[in-house]
Amino acid sequence: MNPHLRPWQIDADDFPADSYASDQLEFLIGYAILAPSSHNSQPWLFRINSMNLELFADRRRALRVVDPYDRELTLSCSAALYNVRVAAEYFGHAYSVELLPDPANPNLLARFHLGLSGDTSSEDILLFRALTRRHTNRQAFREEPVPEAVLEALREGAEREGAWLEFVVQEEARNAVADLVAQADRLQWADRNFRQELAHWIRPKPAEARDGLLAHDLGVQDWLSFAGPALIRTFDRGGGQAARDRDVAVHSPVLAVLGTDTEDTLAWLKAGQALENVLLRARTEEVWASFLNQPIEVPELRDQLAALIGRAGCPQVLLRLGYAADASPSPRRFVREVLIPHKTP
Ligand SMILES: Cc1cc2nc3c(=O)[nH]c(=O)nc-3n(C[C@H](O)[C@H](O)[C@H](O)COP(=O)(O)O)c2cc1C
């Protein structure tokens, strides 16, 4: 087995309840790193400072072509922050969070302060259990509808975190959004820089990957995996990718757009937490999610998507939701690889 799948086997029974706060915070990072991130770039670093856990953007892992302003990078980091919150609540700790606590250091995205004792609700337990059951599921979903009550709960969860969530359920509207996804695929794949960046994150040896994507995730057949990066760098597979993505989008029972009213780092930090709330809450109802963020990554299509859903504001993530067989986990770097040493005064 790839050792970098071991982080998914984290066991809540190992929580060091009687130990120092710093040991407890280190344990919580084990849940943070299970968060989704664009291209599985895992662009986060953590530092423990007595009762505080500091979350830093690791901009060396930025995706300069698809994400030139570090928008998705910030969403990914704040999804990791949300996991820390869920885990802290599960282990019965109160906490407080300061977003962007140091104006002089924009890489310091959040400071999480672990308090002494708090209440654990049944909802906290459900979300916590979903942490290790959430993966991106890129399979085609069954056409079975997602109940209205589940969608309403997802919407409320996103709103509570300061974002909005709009659903695209009617067939005609889903077709229109799927067309945008296909158009975005064609535009992105025609760009050599996009292909080069994607190839950089493709891992030809799944058994050794610690981050990044498998060629399989992009629909490249397994037996071609070893050649994945070269294939992706060299050939414009935009037509094939567009057809495949359009097909899965059209046949998903629901498409969902998570967005914010404004476009700034604080909004992105809220959107990432709202996103992870939606993804975890969906899993508590056995609903899977997969991302189709391409039209949001192409500025002119992002405006068209906002117009299509009739919502003023800024779409941040396009998801499809539905039911499918289980998805495999993707690799993660170990906690020790993302933990930076405590600064000595
Ligand atoms: C902001 C953001 C954007 C993403 N965009 C896409 C996307 O457009 N297409 C896709 O297949 N996956 C996308 N993903 C999913 C990541 O590839 C996935 O989270 C990562 O590979 C780790 O896998 P996991 O989610 O199964 O843990 C996105 C994730 C995030 C957080």
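Conventions we followed
Residues numbered from 1 in each chain as written. Predicted model: local features only at pLDDT ≥ 70, side-chain atom pairs only at ≥ 80, totals over all residues. Helix = DSSP H or I, 4+ residues; strand = E, 2+ residues; numbered from the N terminus. Rg over C-alpha atoms; globule rule 2.2 N^0.38 Å. Buried ≥ 20, exposed ≤ 12 C-beta atoms within 10 Å, placed from the backbone. Contact = placed C-beta atoms within 7 Å. Pairing = 2+ DSSP bridges. Axes fitted to C-alpha atoms, helices over the stretch in contact; angles between N-to-C directions. Near = placed C-beta within 6 Å. Nonpolar A, V, L, I, M, F, W, Y, C, P; charged D, E, K, R; others polar. Domains from an automatic or database assignment. Arc of directions from axis to C-beta. Core = buried A, V, L, I, M, F, W, Y, C linked by C-beta atoms within 7 Å. Parallel < 35°, antiparallel > 145°, perpendicular 65-115°, else oblique. Left-handed = near helix turned anticlockwise from the far one by under 90°.

Colleague: Help me get a handle on the overall build of the chain, residues and values and all.
Modeller: On a plain count of helices and strands, the chain comes out with 12 helices and 11 strands. Computed over the C-alpha atoms, the radius of gyration of the chain is 19 Å, within 12% of the 20 Å expected from 2.2 N^0.38 for a compact globule of 345 residues. Dimensions of the chain along its principal axes, counting C-alpha atoms only, are 55 × 45 × 40 Å. When each of the 345 residues of the chain is scored for burial, the buried share is 44%. In the chain, of all internal contacts separated by at least 6 residues, the share reaching a separation of at least 24 is 77%.

Colleague: Just give me the short version of the sheet that holds strand β4 (residues 108-114), but keep the residues and values in it.
Modeller: Reading across from one edge, β3-β4-β2-β1-β11 is the order of the five strands in this open sheet, with mixed pairing throughout. Of all the strands in the sheet, just β3 (95-99) and β11 (339-340) have a single pairing partner and so form its edges. Alignment of strand β2 (residues 52-57) against β4, held across five bridges, turns out to be antiparallel. Looking at the pairing, E54 lines up with R111 of β4. Strands in contact with helix α1 (residues 21-32) are β1 (44-49), β2, β4 and β11; relative to β1, the strand with the most contacts, it is inclined by about 165°.

Colleague: Talk me through the site of the ligand; I want residue IDs and the actual numbers.
Modeller: Taken together, 19 residues are adjacent to the ligand, and P36, N40, T136, F291 and N293 come closest. Among the elements that make up the shell around the ligand, the one with the highest residue count is helix α2 (residues 71-90) (four residues). Tallied by class, residues from the shell around the ligand come to seven nonpolar, 10 polar and two charged. Mapped onto the domain boundaries, the shell around the ligand takes at least three residues apiece from domain 1 (3-135) and domain 2 (148-322).

Colleague: Before we move on, can you summarise helix α11 (residues 299-309) with the specific residues and values?
Modeller: Note that an α-helix has 3.6 residues per turn; residues three or four places apart therefore point the same way. When we look at burial in α11, the residues that qualify are L301, R302 and L305. Angular distribution of buried residues about the axis of α11 spans 105°; they occupy a single face of the element. Residues of α11 that are exposed and point more than 90 degrees away from the buried face comprise P299, E300 and A307. If you follow the buried residues of α11, they end up packed against α5 (171-189), β8 (254-260), α10 (294-297) and β10 (314-322).

Colleague: Account for the nonpolar core, naming residues and giving values.
Modeller: Among the nonpolar cores identified, the biggest contains 80 residues, and L55, A87 and L258 are the most heavily contacted of them. Residue contributions to this core peak at 12 residues, all from α2. Both domains that furnish three or more residues to this core are identified here as domain 1 (3-135) and domain 2 (148-322). When near neighbours in sequence (up to four residues on either side) are disregarded, L258 contacts A158, A163, L165, A271, A274, L275, V278, Q316, V317 and L319. Formed by 10 residues, the second largest nonpolar core is a distinct cluster that contains F194, L198, L213 and A215.

Colleague: I'd like to hear about the packing of α1 against α2, residue by residue, with values.
Modeller: Relative orientation of the contacting elements α1 and α2 amounts to 125°, with a least axis distance of 8 Å. Classed by the angle they form, the pair α1 and α2 counts as oblique. The way α1 lies across α2 gives a crossing that is right-handed. Where α1 approaches α2, its residues L28, Y31 and A32 are matched on the opposing element by A80, N83, V84, A87 and A88. Here the contact of α1 with α2 is built from residues that sort into seven nonpolar, one polar and no charged.

Colleague: Report on the domain arrangement of the chain, specifying residues and quantitative values.
Modeller: For the chain, the assigned domains are domain 1 (3-135) and domain 2 (148-322). The centre of domain 1, based on its C-alpha atoms, is set 22 Å off from the matching centre of domain 2. On the side of domain 2, 27 residues touch domain 1, which itself brings 32 residues to the contact. Within the residue set of the side of domain 1 that touches domain 2, elements represented by two or more residues are α2, β4 and α3 (122-130). Considered class by class, the residues forming the side of domain 1 that touches domain 2 number 19 nonpolar, nine polar and four charged.

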